[in-house]
Structure formats: C-alpha cells, structure tokens
Amino acid sequence: MSTRELPSLPQAAGPLSRADIEQIVREIVVARLVPPGRPRPPTLVVQASSRHCHLSREDLDALFGPGYELKVLRPLYQEGNFAAEETVTIIGPRSRLISNLRILGPLRKQSQVELAFTDAISLGLELPIRLSGNIAGTPGAFLMGPRGLLELKEGVIRAAPHVHMGPADAAYYRVKQGDMMKLRVGGDAGMTFDRIQVRIDPTSKLNVHLDTDEANACGLHMAKEIELLK
Ligand SMILES: [Zn+2]
C-alpha cells in the first residue's frame, strides 16, 4: 500500500470569534489547574536549600564544646526543623574551604554535609547524589568550629532532589515511598525535573527541596507556575 487513509479532521465552521477563543483558553487553563473529577491539588511549597550540615551530638561537642546547645536562627517550613545561628567551616582536599556552612537542627544520629555541585567544585570534591541519611561510602571532609577541628570520614553529599509529603498528599498524587515524580517549572528558564524522589512521613508538609544550582537553573525565583506530576 502506498497510500494511507488520512484521519478525518473536524471542518472549521468559519473564523473563530473572540468569545470562542476566550472560552477555549479558559477551558485549557481550568483543565490544567484542576483535572476533571479530582479535588484541588494540595498547596505546594518549592524551596532551594543552600549548602548546610546536620551534626550528631558527638560532633557538635567536638566543634563547639561539650554539652553545647544550638540556637535557633529561624524555624524551617517542616515542623521542628530550624536553621541554627551557628556555622562551621568545611575544608576539602588541598585546603580549599568554604566558611559559613550553616548548621540545621535538630541534631541527628549521623553528621552529614549537603552541598550543591558548584560548592563541590570549589572544594575540589566529587560528590555522589544521595538521599539524606544514605551516606555509606561518600566522601569526607574536615569541619572546623570555634572549639575544634573534626574529621568527617564520610557524609558529604549532593542531595537528591526530593519531595516531602504526608500520607494524604501521597494518596492525592497516587505515589508511594521512593517513587519518582516530575516537577514542571514554568517561566523564562523553565524546565521539568524528572527525578523528584518521594519521601513520605506522617509529620511532613508537601514541600519540594532543590539545591541552589537546581533552583538557579530553572529560575525558581521568577517562576510563576509550578506543577508536581506523577
Ligand atoms: Zn528535604
């Protein structure tokens, strides 16, 4: 067969009026915002996390003195988490360093440093992309505080982009722990992230975490339209 049957196309009935066009536009916008037959999407907060570290009790003692307590600079969006007033200096191979590495509280079982790709370049580190807490076999670094120097044997990562959510949000999006979602960011530098990993916890509010490189690349600060998709 050398010919194929063309699909039948609807015939235009004449030029579209302004009212017709406005109606079409409105339908598309509405359809995108609230898919038919589904409830309104939950409020989505997308944030860029600057480089930071989490510390164990033992490591905070080593850097700031025994029994030291972090002071809250400001609470973070996720309940109970906060940016501390305290910072440390991170020292990479060949003595390159970044000062003012913010500590986030509360204390954790294991210390961990989360850097963006450009931070890692300036320190001379090659970092794997890992979810928070999964640090086995990752590079280490030295941390310097006012009361001591500490060698982290491992725990320096580039955090995998992820979305925190509670069980109700997971049910809305029909996703489970560890699933990958897409984040579509509109605007002049708009793009779609294909690997936003789902982290479900009963205490979590719906919240996407990117690092500063990712946020800069997609122009997060000027994005007017953001969509989280399965
Ligand atoms: Zn996070």
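Residues numbered from 1 in each chain as written. Predicted model: local features only at pLDDT ≥ 70, side-chain atom pairs only at ≥ 80, totals over all residues. Heavy atoms only, no water.

Novice: I keep staring at helix α2 (residues 57–64) and nothing clicks. Help me out?
Specialist: Every α-helical turn comprises 3.6 residues, leaving residues that sit three or four positions apart pointing alike. Those residues of α2 lying buried are D59, L60, L63 and F64. One side of α2 carries all its buried residues, which in axial view fall inside an arc of 110°. The inward-facing, buried residues of α2 contact β4 (82–91), β5 (97–105), β8 (141–145) and β9 (148–152). After α2 finishes, the residue G65 shows a positive phi value of roughly 105°. (Buried < 20%, exposed > 50% of the residue type's maximum accessible area, 1.4 Å probe, protein only. Helix = DSSP H or I, 4+ residues; strand = E, 2+ residues; numbered from the N terminus. Arc of directions from axis to C-beta. Contact = heavy atoms within 4.5 Å.)

Novice: What is the right way to look at the nonpolar core in this model?
Specialist: One recurring pattern in soluble globular proteins: nonpolar side chains tend to sit buried together. Core analysis: the largest hydrophobic core is formed by 24 residues, its most contacted members being V88, I90, L101, I103, V113, L115 and L143. Of all the secondary-structure elements, those providing two or more residues to this core are α2, β4, β5, α3 (117–123), β8 and β9. Looking at this core, the element that brings in the most residues is β4, giving four residues. Each residue touching L101, except ones within four places of it in the same chain, is listed here: R51, H52, C53, E86, T87, V88, I90, V113, L115 and L143. Within the second largest apolar cluster, 21 residues are counted, among which are V175, L210, C218 and L228. (Core = buried A, V, L, I, M, F, W, Y, C linked by side-chain atoms within 4.5 Å.)

Novice: What's the story with a nonpolar patch on the surface in this structure? I'm lost.
Specialist: A cluster of nonpolar side chains, namely F142, M144 and L149, defines an oily patch on the protein surface of about 270 Å² accessible area. Here F142 shows up in strand β8. (Patch = residues over 30% accessible without salt bridge, like charges linked within 9 Å, V, L, I, M, F, W, Y side chains within 5 Å. Areas by Shrake-Rupley, 256 points an atom, 1.4 Å probe, with all protein chains shown as cover. Salt bridge = Lys/Arg side-chain N within 4 Å of Asp/Glu carboxyl O.)

Novice: Can you walk me through the sheet that holds strand β13 (residues 191–200) in this structure?
Specialist: In sheet architecture, strand pairing relies on hydrogen bonds along the backbone and comes in two forms, parallel and antiparallel. The strand order across the open sheet formed by six strands is β1-β14-β11-β13-β12-β15, and the pairing between neighbours is mixed. The open sheet is flanked by β1 (45–49) and β15 (226–229), the only strands paired with a single partner. The average angle at which neighbouring strand axes cross in this sheet is 30°, direction not considered. As defined by bridge partners, strand β11 (residues 162–165) adjoins strand β14 (residues 207–211) across three bridges and the pair is classed as antiparallel. What sits directly across from H162, in β14, is H209. (Pairing = 2+ DSSP bridges. Axes fitted to C-alpha atoms, helices over the stretch in contact; angles between N-to-C directions.)

Novice: What am I meant to see in the layout of surface pockets here?
Specialist: Empty pockets left among the atoms are what a rolling probe the size of a water molecule brings to light. There is about 960 Å³ of room inside the largest pocket. Together, 34 residues line the largest pocket, and L76, N81, L104, R108 and H209 are the ones closest to its centre. If you list the elements that add at least two residues to the lining of the largest pocket, you get β1, β2 (52–54), β3 (72–75), β5, β11, β13 and β14. (1 Å grid on protein atoms, 1.4 Å probe; cavity = no way out; pocket = protein on both sides within 12 Å on 5 of 7 lines; lining within 4 Å. Points joined across faces, edges and corners; volume = space filled by probe spheres on them.)

Novice: What should I look at first to understand the pattern of salt bridges in this one?
Specialist: Applying the stated rule across the entire model yields ten salt bridges. Taking the shortest distance from any N to any O, the salt bridge between R51 and D119 comes out at 2.7 Å. Of this pair, R51 sits in the loop between β1 and β2 while D119 is found in helix α3, placing the two residues 68 residues apart along the sequence. Among the salt bridges present, the one from D179 reaches K176, with a minimum N-O distance of 3.1 Å. Assessed through its relative accessible area of 18%, D179 is described here as buried. Residues joined in a network through salt bridges with shared partners are R57, D61 and E69.

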